[in-house]
4 protein chains.
Amino acid sequence: MVRLAFLGPHATFTEQALRSLPESRGAELVPCAGSPAVLAAVRSGEVDAGCVPIENSVEGAVGAVLDGLVGSPPLVIVREALVAVRFAVMVRAGTATADIRRVGSHPHAVAQTRGWLAAHLPDAEVLLTTSTAEAAAQVARGDLDAAVAAPLAAEQHGLVVAVDDVADNPGAVTRFVLVAPPGPPPAPTGHDRTTFAATTRNQPGSLLGLLTELAVRGIDLTRIESRPIKDRHAEYWFHIDCTGHVADPAMGEALAALHRRCDEVRFLGSFPRAGTGVPPTGTTDPAAPLGAATGTAFAAAQAWLDALRAGSVA
Amino acid sequence: MVRLAFLGPHATFTEQALRSLPESRGAELVPCAGSPAVLAAVRSGEVDAGCVPIENSVEGAVGAVLDGLVGSPPLVIVREALVAVRFAVMVRAGTATADIRRVGSHPHAVAQTRGWLAAHLPDAEVLLTTSTAEAAAQVARGDLDAAVAAPLAAEQHGLVVAVDDVADNPGAVTRFVLVAPPGPPPAPTGHDRTTFAATTRNQPGSLLGLLTELAVRGIDLTRIESRPIKDRHAEYWFHIDCTGHVADPAMGEALAALHRRCDEVRFLGSFPRAGTGVPPTGTTDPAAPLGAATGTAFAAAQAWLDALRAGSVA
Amino acid sequence: MVRLAFLGPHATFTEQALRSLPESRGAELVPCAGSPAVLAAVRSGEVDAGCVPIENSVEGAVGAVLDGLVGSPPLVIVREALVAVRFAVMVRAGTATADIRRVGSHPHAVAQTRGWLAAHLPDAEVLLTTSTAEAAAQVARGDLDAAVAAPLAAEQHGLVVAVDDVADNPGAVTRFVLVAPPGPPPAPTGHDRTTFAATTRNQPGSLLGLLTELAVRGIDLTRIESRPIKDRHAEYWFHIDCTGHVADPAMGEALAALHRRCDEVRFLGSFPRAGTGVPPTGTTDPAAPLGAATGTAFAAAQAWLDALRAGSVA
Amino acid sequence: MVRLAFLGPHATFTEQALRSLPESRGAELVPCAGSPAVLAAVRSGEVDAGCVPIENSVEGAVGAVLDGLVGSPPLVIVREALVAVRFAVMVRAGTATADIRRVGSHPHAVAQTRGWLAAHLPDAEVLLTTSTAEAAAQVARGDLDAAVAAPLAAEQHGLVVAVDDVADNPGAVTRFVLVAPPGPPPAPTGHDRTTFAATTRNQPGSLLGLLTELAVRGIDLTRIESRPIKDRHAEYWFHIDCTGHVADPAMGEALAALHRRCDEVRFLGSFPRAGTGVPPTGTTDPAAPLGAATGTAFAAAQAWLDALRAGSVA
């Protein structure tokens, strides 16, 4: 049976994300204490793949995920999921809102519902827990009166939702990824994302040069983050998401260019983009004509070059 | 009396960072539950300034800090501190290592000491807490046998350090910042950092253009991070640290250029760089001659331009 | 009396250009043998200013003009004129087309009327002269039967136009400039051109860096030419025309940036653009918002920066 | 017999350049009146190839050559030659310097020897001719007393060199090219030059984008010139020389990129660089590591990419 790890405990937003993926059907879902533990379980072969948050997480594990992805042996992302972050206040059946004295949640979830808590539970004591699901578990055990957590947590812990949608800024979305040992990437869908990390000698212009390699080939950047390299003083991994698939000519040429330019490039996967979630922002060369980065334009340019080399100038 | 908030509880790495700053002498230090609470306390005027982690934190609050800094009303960074992350295993006096059955820590600290725990406490149950200091507090109360935390936590909770320096990768450093309401920035020291966030229309080349404004003026980038803007679909804040001070001609010209180019620029402070901690990596234009970004070069260029405009061509 | 030199002899396209400028009214027009002689006459003070072709000339002097402009002492361009290159075949009164046995012109004019000559005067011998006007003079003297020259030449040498508009590609335009010793530039008109030459250390990226300084400040490039520096091995002057005036904030900042970056920058004048002749092509940063390079945007950005430096963050 | 055209008449610097090429041995050398005539002779098949000046010419034909190269049908450069421009004053045997009353030369040659003429022949009348060789011919015919021309002209016209090396700035070099109908390019030598012309939509950033395609692939630019397109208003051909051969992976990838980006790219040949004449200046991306543009680096990057696509992440 396929085994899939996730950032636990049960009933976190990460489990919710994992359950939204086709890979989870019929699989055994294994909660791990922390994103690093998820990655370790995949690396050791204990599980087949693992689900962790990678952007804007409620449960605050993103830096650890990025640092973990560039460890050894290599891992690649094979799928992503977007989860709308929807917080509910959940209680044991029979608890009235007026009776809530002690409410618990993860610090990041408390931060995102601070306004609601101040307005509606001004007298309740707010206690921090290591995850939103842990708060729900403590409600079920009777240690807390209420939890701010994902609706899934109510279901799994036999609680009832007292108030739904209590986020101060509704509409937040967290992105999760399913990581696995290297293998042939999922087939291109025409709507893909590629993730990689790169490090360059600590010299002037290195980041600008790296981004220019993407821009001139029409590659859009959708996320960038610099992370200090743990054991090398003053060096950085640049973590980058962009649109396209390693099988595309434009992306292939760009990755090959980075391989020549950078000290190290870690390919972290090409996979279908989830939803319209996080559209391109970033680097595409704005002076290039529309369509210059398409496969058709690459094929036509290659045919022209082949003719030049053979002596047929047109 | 000056009141300074910090990411609590007492004895976190953040308190350790705050205590290393001259501003903390004689001040009242106020722990807050989460970085957002620290920023809120500064904004409300409840405290004069507040200390939060901003890069590579053990306690995982960095994304929340970045998102919080661009909120309203404006805040600016006035100081930074680098803290070497040193984990100790601490117990009540009299507990032998062999007696440790239950050890607790924050998930990120557990991740960074996983190897040591597996090798030296293979049979202990590892429990997650909301902060490393909370783990120490639970040891003091007798709920746990040992905590993995900052040495300061042992001191504050009356524990003893059983084993020091248990990080798997020694040498990690976390950067903390002291934020305050806007005011004249600290005087330039010649060794300063400037932090800002900028957002641009979601169009091709916007990030490359933004970085080029820094590069051509000889400004080195030391950190970059894209953060989705919470309530605007598919738009990003780019959080950027770079070397130099808003009072420098090069930095002033670069910020003014970004003001013209970007939808919004949030100046987040100019302040002395701590240690040699995180030297420049990034964007400086490598084709520019050495010294082109100095104040002297700017003054000479301005004098030449003034002469041109007056008709004295040299 | 104002004395103005021009690339002679009388009746060249250069004289025609000079006569189109307001400066020529009431001035004494002095023909010189070659563009270098024109520049020398201005430098020596023998004349007040001089007119030479600078782009796409029929009489082929452009390289010499560019090389001459960067000589010493400095010269600046104060005006430009566009002249539609219109070739006429001119003869002595009474000469029938069928009687033309020997037709003369400057080699470049011959090149531009080759098709017409082959079709209509297939049996005539084509002789080369040092200028189109010299060909007309030789017709007047009886040494040639016909000349291909500017219509002005017919007028000045008492010839008649046998056939007008004989260029193979009608519509060619040549650009001429009036150069003078340095002085306050003509007032900005909102529709100006600035010309300069720059040389940089012979190192990677130097040209790209130079053009980027223009692009980020919204300066459009309308002409670029590299010219080997005569007595320095393997070094180049880059001759550049761009839109805007040295009095504009954007252009001023860009020139100051080049002064910091380049080995040497020679400012060669800001002056009104003639006609709509040669609109911008070139470097403006396409990712910058519209209007970012206007004086208003510069003033607003400066006000914002002044506030930042004073501690008023908005 | 191979027939080679050149910018005549006999004894110009162009003939001197052509005679320095191996292709001229045993070939019939055909003088043409003007560079356009040379190109027309090659296009019509009347000759096998033709030699014209392309940079810094004494005889002022460069703009016409550039404009002619982008005409139809296509032509390519197959060879280049550098000629040190050495001017001699030549007379009929028996003429003493003191007897020189009338001295002739091409206007550009006069410009480059103006100082010498003023110092040593202050009283001589200077007459302009359509080429330096034509001046020598007129001396031979007795129409002039002396000519300033290439030493070859003395030899061909039976004159004697009265004074050699009379250039005001000795050391000038002119570059000539041999052009032919398209065919397989000369084999790469490791020390090659590639020439092309490109035009792009008249939009912001187009030139910067074009140069960036070269820079990111480590291609050095050695010449750039914008030329207005004759019959299209306000559009330009950018004429560019750079180091490398179309058979090199870096150059091939760059040309293919320009084919995608530009409205039109005219490949004008890859051929061995002459001498060390005009070393690279220009665009190579200065942030790229040394060696990133070599064939070895391209092969290694391609192998890595092939592995990624097959699922073997390293």
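Conventions we followed
Residues numbered from 1 in each chain as written. Chains lettered and ligands numbered in written order. Predicted model: local features only at pLDDT ≥ 70, side-chain atom pairs only at ≥ 80, totals over all residues. Heavy atoms only, no water. UniProt positions renumbered as here; feature names shortened; annotations may be inferred. Axes fitted to C-alpha atoms, helices over the stretch in contact; angles between N-to-C directions. Helix = DSSP H or I, 4+ residues; strand = E, 2+ residues; numbered from the N terminus. Parallel < 35°, antiparallel > 145°, perpendicular 65-115°, else oblique. Left-handed = near helix turned anticlockwise from the far one by under 90°. Contact = heavy atoms within 4.5 Å. Nonpolar A, V, L, I, M, F, W, Y, C, P; charged D, E, K, R; others polar. Pairing = 2+ DSSP bridges. Domains from an automatic or database assignment. Buried area = accessible area lost by both parts, 1.4 Å probe. Salt bridge = Lys/Arg side-chain N within 4 Å of Asp/Glu carboxyl O. Polar contact = N/O pair within 3.5 Å; in protein donor to acceptor, adjacent residues only side chain to side chain. Buried < 20%, exposed > 50% of the residue type's maximum accessible area, 1.4 Å probe, protein only. Least-squares fit on C-alpha atoms with pLDDT ≥ 70 in both.

- Looking at an unreviewed UniProt entry, one finds chain A named Prephenate dehydratase and attributed to Pseudonocardia petroleophila.
- Its UniProt record gives chain A a comment under Catalytic activity (unreviewed entry), which states: "prephenate + H(+) = 3-phenylpyruvate + CO2 + H2O".
- Word for word, the UniProt comment on chain A under Pathway (unreviewed entry) is "Amino-acid biosynthesis; L-phenylalanine biosynthesis; phenylpyruvate from prephenate: step 1/1."

**Section: the packing of helix 10 (residues 295-310) of chain B against helix 9 (residues 249-261) of chain C**
Reasoning step 1: For the pair helix 10 of chain B and helix 9 of chain C, interaxial distance at closest approach is 8 Å and the crossing angle is 125°. When the axis of helix 10 of chain B is compared with that of helix 9 of chain C, the two are oblique. The interaxial crossing formed by helix 10 of chain B with helix 9 of chain C has right-handed handedness. The segment helix 10 of chain B lies against helix 9 of chain C, with B:Ala297, B:Phe298, B:Ala300, B:Ala301, B:Trp304, B:Leu305, B:Leu308 and B:Arg309 engaging C:Pro249, C:Gly252, C:Glu253, C:Leu255, C:Ala256, C:His259 and C:Arg260.
Reasoning step 2: A class-by-class count of the residues in the contact of helix 10 of chain B with helix 9 of chain C yields 10 nonpolar, 2 polar and 3 charged.

**Things to note about the sheet that holds strand 4 (residues 76-84) of chain D**
Residues and elements named next belong to chain D.
Reasoning step 1: Across the sheet, 5 strands lie side by side as 2-1-3-10-4; this open sheet has mixed pairing. Among the strands making up the open sheet, the edge pair consists of strand 2 (28-32) and strand 4. Between one strand axis and the next, the sheet turns by 30° as a mean value, whatever way the strands run.
Reasoning step 2: Examined bridge by bridge, strand 4 and strand 10 (residues 173-180) share 8 bridges and lie antiparallel to one another. Bridge pairing links valine 83 to threonine 174 in strand 10.
Reasoning step 3: Of the strands in this sheet, strand 1 (3-7), strand 2, strand 3 (49-55) and strand 10 touch helix 2 (residues 35-44), which is tilted by about 145° from strand 3.
Reasoning step 4: Contacts from helix 3 (residues 62-69) reach strand 3, strand 4 and strand 10 within the one sheet, and its direction differs from that of strand 3 by about 125°.

**Quick notes on the domain arrangement of chain A**
All names here are of chain A.
Reasoning step 1: Domain parsing of chain A yields domain 1 (1-84 + 173-183), domain 2 (88-163) and domain 3 (185-276).
Reasoning step 2: Of the roughly 1600 Å² buried between domain 1 and domain 3 on both sides combined, carbon and sulfur atoms contribute 55%.
Reasoning step 3: When the buried surface of domain 1 facing domain 3 is broken down by residue, Leu66, Val70 and Glu80 rank first, second and third, together holding 34% of it.
Reasoning step 4: The interface formed by domain 1 and domain 3 holds 3 salt bridges in total.
Reasoning step 5: Note that arginine 227 and aspartate 67 form a salt bridge whose closest N and O atoms lie 2.7 Å from each other.
Reasoning step 6: Where domain 1 packs against domain 3, one counts 7 residue pairs in polar contact (both at pLDDT 80 or more).

**Description of helix 2 (residues 35-44) of chain C**
All names here are of chain C.
Reasoning step 1: Across the 10 residues that make up helix 2, a large majority, 7, are buried.
Reasoning step 2: Within the sequence span of helix 2, burial applies to Ser35, Pro36, Ala37, Val38, Leu39, Ala41 and Val42.
Reasoning step 3: In the segment just after helix 2, glycine 45 is the residue with positive phi, at about 90°.

**Quick word on the pairing of strand 3 (residues 49-55) of chain B**
Residue and element names in this part refer to chain B.
Reasoning step 1: Most of strand 3 is tucked away: 7 of the 7 residues are buried.
Reasoning step 2: One ladder, built from 3 bridges, connects strand 1 (residues 3-7) with strand 3; its direction is parallel. Opposite leucine 4, over in strand 3, you have alanine 49 as the bridge partner.
Reasoning step 3: The pairing of strand 3 with strand 10 (residues 173-180) spans 5 bridges and is classified as antiparallel.

**What about the relation of the copies chain A and chain D?**
Reasoning step 1: You can overlay chain A on chain D at an RMSD of 0.0 Å; the transform is a turn of 180° with a shift of 0.0 Å along its axis. Here the symmetry operator amounts to a two-fold rotation axis.
Reasoning step 2: Both copies share a contact surface, since 100% of the interface residues of chain A are interface residues in chain D too.

**Section: the pattern of salt bridges**
Side-chain pairing between opposite charges can occur once the charged atoms of the two side chains come close.
Reasoning step 1: Across all of its chains, the model carries 84 salt bridges over all chains by this definition.
Reasoning step 2: Sharing partners across several salt bridges, the network here consists of A:Glu213, A:Arg217, A:Glu253, A:Arg260, A:Arg261, D:Glu213, D:Arg217, D:Glu253, D:Arg260 and D:Arg261.

**A short note on the interface of chain A and chain D**
Quoted interface sizes are often the accessible area lost when the parts come together.
Reasoning step 1: Tallying the contact residues gives 45 residues for chain A and 45 residues for chain D.
Reasoning step 2: Interface area, chain A with chain D, both sides summed: about 3800 Å², of which 63% is carbon and sulfur.
Reasoning step 3: Joining chain A to chain D, the criterion identifies 4 salt bridges.
Reasoning step 4: For A:Glu253, the salt bridge is made with D:Arg217, and the minimal N-O distance between the two is 2.7 Å.

**Remarks on the sheet that holds strand 7 (residues 125-128) of chain D**
Residues and elements named next belong to chain D.
Reasoning step 1: Here we have 5 strands laid out as an open sheet, ordered 7-6-8-5-9, and mixed in their pairing. One side of each edge strand has no neighbouring strand; the edge strands of this open sheet are strand 7 and strand 9 (160-163). On average, each strand axis in the sheet is inclined to that of its neighbour by 35°, with strand direction left out of account.
Reasoning step 2: Two elements, strand 5 (residues 88-91) and strand 9, share 3 bridges in a ladder whose sense is antiparallel. Pairing of methionine 90 across the sheet is with valine 161, part of strand 9.
Reasoning step 3: The sheet contacts of helix 6 (residues 132-141) involve strand 5, strand 6 (102-105) and strand 8 (146-149), and relative to strand 8 the element is tilted by about 160°.

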